[in-house]
Every structure is written in structure tokens, then in C-alpha cells.
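Observations on the three-dimensional arrangement
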Amino acid sequence: MNLVFFAGCAVLALVTGRPQDPATSDHEDLILSFNKKLLRSLEDQSILPNPSVHLALRLSTHHNLGMESAHLVRLKTELHKDLESSLSKQQPVTGLLALYTLALRSSCTDYNSLMLNQQPLIQHLKKQMELEKEHIATSHRPLTNYYQYSLGILALCSSGVRVSTHVSNKLVRAVEQGQTKHGVCDSIDTVAMAGMALQCLKDSPSMHDGTQLEEPLRSIKQKLLDSQREDGHMGNEFSTGLAVQALLAMGSQVSDCSAPMEALRVDVRKGTYHNPMAISQTLPALQARTYLHAKTAECRDEDNSLALGPKPPPKEPPGQTVTLQVEVNPGDGAPSIKTVEVPKGSSLHEALKLLQQHQEGFTFETETSLWGPFLSVVNGVRARQSDRSYWHLSSDGTSLSEGIQDYKIEKAQKITIKKTSY
Ligand code: B12
């Protein structure tokens, strides 16, 4: 169903006083409650403010300007400090810095004079991209990953900064050669982000020779279209929002994306998206907005009608338990299996904590990320980005599409945690 058509109908119904098409109001209600869910996530002040959430709230057609400006203040203090600390430890922060820049741009904040450790923010972003580019030249892969490399290009481009063809060509080549992977599988999220980054360059002829990008963009569009499953998803539930954003940015009409958009709406109704990161990547697509809109944000005459009602009460735990087997496979040694009884509906994170408390021979550690806790160390063995390994999660042989905090144990099963190289 065409969103522009929907929006047009809604306006017409208001003007003429005729009742709204039930399908239109259903779509609008769905978006409003989804938007409120994202806004609600700002109430959790125990975690760092999330620039991806801010960006999505700013791209939305509905706003709570008071909550958004309070969040902007938190970004400019708490996230800012966190970035300064990572930069002084020389940790790569390309993606986070890029999202911070896009969040500031979407709020029409003048960040030309914004300093991180006494250096302008944009200089840091350029420096991060230089380091990424050098790493690709020497090691054939970025310091972080091509998703963050694309975000870096997008943020520079949205800030009106020239991006050298050396930088963009490396991304073009990576997509062509299928290096945009998630572990060992194809990453539609990354292809989509690359598409938005290159489209931004193409749309800025003063900064880039757009004709060189026509063929790569055509092939990215084809890759995204080819990734569509029978149920409408592109890649999986968590990449479809970015894929739709990319297609729209690359000139597809909303009506061309009706199947993936309907798949997103079905997911929203099912409650698939509860992680604020997942909502932040999906909401813009459902409103036919894309990350490219940040570049031209004007922040004038904005709606300010989004209000939160009282918090819904927390759900009662059901009281039953289920048996969970946890297999740890270090890759270079014998796998070990432990069993633990956990309350039905516990997160895998809670289950692993119970296992650690009650059984000898199992320990784990996590690192915080925008998506929540990332399982980084198991039984003392660290899997890390720098040596291209991670602890892969699966249940009864099927790869998990969520992390340890979001994945809920609803039935007896075997979770395998396997050290995997990519
Ligand atoms: C690159 C990437 C990875 C890399 C990260 C290392 C690297 N090379 O940089 C690797 C391959 C290790 C990875 C692993 C996993 N990933 Co991943 N990953 C991504 C990707 C493409 C980009 C992340 C990124 O750099 N973001 C930009 C920066 C600024 O944000 P950040 O939060 O600081 O980034 C860090 C975290 O995102 C963390 N991370 C990466 N994946 C995941 C997944 C979870 C659940 C968590 C908590 C953290 C995390 O690594 C990033 C770099 O340090 C996203 C795509 C997307 N749509 O976001 C998927 C994505 C986040 N991953 C996903 C999943 C499911 C996983 C796994 C759980 C897969 C599995 N079955 O094991 C594991 C994590 C297991 C664990 N040990 O906790 C899903 C999450 C969906 C959800 N609802 O939770 C996404 C959205 C892909 C998708 N469409 O399915 N991932």
C-alpha cells in the first residue's frame, strides 16, 4: 500500500470531514504507538544516550520536542565524554562518531565548532575514516566493519564534507566483491548502509563525480531486491527497515516497497521490535523517511504532539521453569555441555548468569553496545574484533537473530556458544 497515498488520504479526510479510511488510520495508529515506544526508551537514564534513537526521533513526522532536546543535551555531555575517552585510548569509534554527527545534524545543531579533546568533531571523523582506509589498504578489511565505514561516509557527506574517491571506491569494491558480511553470512544491513552512503555522494555533485556511482548503486539496489524473501523481509526482520530506507533513498517509490513494508508492519504488530536500536532503524522506513533526510533537516514548524501516557505495568513472570542446555565450543578444543533450570521467559543473559552462579566451570563477560550486552568472553576466552572472531549464538542448530538480552527462553532447548572466525 502506498504511504504517500495514505498520508494524502488522511489529510483529505480531515479537510473534507469525511471519515478516514480504516486502513489509513490503522497505519497511522501503528506508527504513532511505535514512535511512542521509541520515545519511552529515553526514560531509561541508566544507559548512555543512543544517537541512533535520537536520529530516528528527529526524522519522524511526530515529535515530543521537550524530550528530544533533553536527550540532545545528554548526547552532548554523556556520549560526548564517552567518545572523548575512547578517542584518548585510541579505540576505533567510526560508527558511533558518525551516528553522533548524524544525530546532531538532524537536530540542526551547529557542530562545526564542537570539540572533542580540543579537536573539531569533523576532524576526528575524517581521521577515523583515514585509519579505516589505511587498514583496508594494508589488511583488506576496515578497522571496524563496512557498516561503520558506510556510516562514516554518510555522516561526512551529510555534513557537506568532501569524501575522496579513494574512500568511496573502497566501499564500492567491497560491495562488488561480497565483503559486506555479517560474520560469515551476507549482511543486508551493510549493503543498505553502503547504498545510502553512496547515494548521498551521488546527490552531492559538487563533492563527487556522481556518474561513477551509477553502476555501483544499480548493483546495490539489485542485491537488496534479490534479498527479498517470500514473506517480504529483506535479509531478516532486523535488516528490512534499513533495506527499505536504502531503496527509497535510491529512488524507489513507496509502492515498489509494499511487500517489505507490510512485513515490517506485521513485525511491529507482533512486537518483534522491542530493542530501541531495532525500532530506531525501522521507524524511519515505515514513515518513508531515510537517513539521507538528516542532511536537509531544517527543524522548523515541527509537530509537537507526541505525548507519553503512564508506564504500562511490568509483566508477571509465569512461575514455570524450563531446562536449558548450554554448550560452549571454543573451536580449538572439546565442547562442554552444562544444564540449568531457568524461569520460563528468562532472557538468555539471565539464564547465563544463573548458570555461572550455580555451576562450576562456566563464566562469561559482556561489553556494552548500542544493541545491549555483547557476549565477549566465555570461560576466560575473549573473542574480539581485532582478531576477527566472536562468540556465535545458536539454538538447536539455528543461528539466533537476537542477542543475549533480547532472546527469551520459552521452551527447553540447547544453546550453543561457539567461537567463530570470520
Ligand atoms: C558488524 C556486526 C556484527 C559483528 C561485530 C564485530 C565487527 N566486525 O565489527 C559480529 C559478526 C561479531 C556480530 C555478531 C553478532 N551479531 Co551482529 N551486527 C553487525 C552489524 C552489521 C553492524 C554493527 C555495527 O557496527 N554497528 C555500528 C556501531 C556504531 O554500533 P555499536 O552498537 O557500537 O556496534 C557494536 C555492536 O553492535 C556489536 N554487535 C554486533 N552485533 C551485535 C548483536 C547484538 C545482539 C549485540 C548486543 C551487539 C552486537 O558489535 C558492534 C561493533 O563493536 C549489525 C547491523 C545493524 N543493523 O545494526 C548486526 C546486528 C546488530 N547483529 C545481529 C546479531 C543477531 C548478531 C549475533 C547475535 C549473531 C549470532 N547469532 O551470534 C552476534 C552477537 C553475539 C554475541 N557474542 O553477543 C543483529 C541484531 C538483531 C537483534 N535484534 O538483536 C543485527 C541487527 C544484524 C541483523 N540484521 O540480524 N555482528
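If you're wondering where the values come from, they're calculated on a predicted model, not measured in any experiment.

At their nearest, the axes of helix α6 (residues 121-139) and helix α8 (residues 165-176) sit 10 Å apart, and the two run at 55 degrees to each other. Considered as vectors, α6 and α8 are oriented oblique to each other. Viewed along their axes, α6 and α8 form a crossing whose handedness is left-handed. Contacts between α6 and α8 involve Met129, Lys133, Ile136 and Ala137 from the first element and His166, Val167 and Lys170 from the second.

Contact geometry for helix α11 (residues 240-249) and helix α12 (residues 258-270): axes closest at 10 Å, N-to-C directions at 145 degrees. In the packing of α11 onto α12, the handedness of the crossing is left-handed. In contact with Thr240, Gly241 and Val244 of α11, α12 contributes Pro260, Met261 and Leu264.

In the structure shown here, the tally under the stated rule is six aromatic pairs. Considering the side-chain rings of Phe34 and Tyr273, the 6.0 Å spacing of their centres and the 50 degrees angle between planes classify their relative orientation as tilted. Taken as a pair, Phe34 in helix α2 (residues 22-40) and Tyr273 in the loop between α12 and α13 (276-286) lie far apart in primary sequence, 239 residues in all. The burial state of Phe34 is the same as that of Tyr273; both residues are buried. Geometrically, the ring pair formed by Tyr390 and Tyr422 is edge-to-face, given 5.7 Å between the ring centres and 70 degrees between the ring planes. With a gap of 32 residues between them, Tyr390 in strand β11 (residues 389-395) and Tyr422 in the segment after β14 (413-421) connect regions that are remote in the sequence. Residue Tyr422 is classed as partly exposed on the basis of its relative accessible area, which comes to 32%. Joined through ring pairs, the aromatic side chains of Phe34, Phe238, Tyr273 and Trp371 make up one cluster.

The next subject is the coordination of the cobalt atom of the ligand. Of the protein atoms, His182 (NE2) alone serves as a donor to the cobalt atom of the ligand, at 2.2 Å. Relative to the helices and strands, His182 resides in strand β3 (residues 181-182).

Attention now moves to the sheet that holds strand β8 (residues 364-369). In spatial order, the strands read β8-β9-β10; together these three strands make up an open sheet with antiparallel pairing. Edge positions in the sheet fall to β8 and β10 (381-382), since each has one partner strand and no second. Where β8 lies against strand β9 (residues 372-378), six bridges are found, and the strand directions are antiparallel. Within β9, the residue paired with Glu365 across the bridge is Val377. Against the sheet, helix α14 (residues 348-358) makes contact with β8 and β9, and its axis sits at roughly 150 degrees relative to β8, the strand it touches most.

The final tally for this structure, using the stated rule, is two disulfides. Bridging Cys108 to Cys299, the disulfide has an S-S length of 2.0 Å. Taking the sign of the S-S torsion, about 90 degrees here, the bridge from Cys108 to Cys299 comes out right-handed. Taken together, the residues Cys108 in the loop between α5 (94-106) and β1 (115-116) and Cys299 in the loop between α13 and β5 (321-329) connect sequence positions 191 residues apart. Under the relative-accessibility criterion, Cys108 is labelled partly exposed at 31%. Each bonded cysteine of the chain gets a number by its place in the sequence, and the pairs then read 1-4, 2-3.

Once that is clear, we can look at the UniProt feature "domain: Transcobalamin-like C-terminal" (unreviewed entry) in the chain. Under the present numbering, the feature "domain: Transcobalamin-like C-terminal" (unreviewed entry) in UniProt falls on residues 345-418. Helix makes up 15% of residues 345-418 and strand 46%, with an end-to-end C-alpha separation of 23 Å.

A few words on the domain arrangement of the chain. Annotation of the chain at the domain level lists domain 1 (3-296) and domain 2 (321-421). The C-alpha-based centres of domain 1 and domain 2 are spaced at 29 Å. Across the contact, 18 residues belong to domain 1 and nine residues belong to domain 2. Summing both partners gives a buried area of about 1,200 Å² for domain 1 against domain 2, and 55% of it is carried by carbon and sulfur. The tally of links from domain 1 across to domain 2 stands at zero salt bridges. Inspection of the domain 1/domain 2 interface yields seven residue pairs in polar contact (both at pLDDT 80 or more). Counting residues per element, the ones that place at least two in the side of domain 1 that touches domain 2 are α5 and α13. Here the side of domain 1 that touches domain 2 gets three residues from one element, more than from any other, and that element is α13. Of the residues assigned to the side of domain 1 that touches domain 2, the class counts are nine nonpolar, eight polar and one charged.

Parameters and conventions
Residues numbered from 1 in each chain as written. Predicted model: local features only at pLDDT ≥ 70, side-chain atom pairs only at ≥ 80, totals over all residues. Heavy atoms only, no water. Axes fitted to C-alpha atoms, helices over the stretch in contact; angles between N-to-C directions. Helix = DSSP H or I, 4+ residues; strand = E, 2+ residues; numbered from the N terminus. Parallel < 35°, antiparallel > 145°, perpendicular 65-115°, else oblique. Left-handed = near helix turned anticlockwise from the far one by under 90°. Contact = heavy atoms within 4.5 Å. Phe/Tyr/Trp six-rings, centres within 6.5 Å; stacked < 30°, edge-to-face > 60°. Buried < 20%, exposed > 50% of the residue type's maximum accessible area, 1.4 Å probe, protein only. Donors = N, O, S within 2.8 Å, 3.2 Å for Na, K, Ca; no water. Pairing = 2+ DSSP bridges. Disulfide = S-S within 2.5 Å. UniProt positions renumbered as here; feature names shortened; annotations may be inferred. Domains from an automatic or database assignment. Buried area = accessible area lost by both parts, 1.4 Å probe. Salt bridge = Lys/Arg side-chain N within 4 Å of Asp/Glu carboxyl O. Polar contact = N/O pair within 3.5 Å; in protein donor to acceptor, adjacent residues only side chain to side chain. Nonpolar A, V, L, I, M, F, W, Y, C, P; charged D, E, K, R; others polar.

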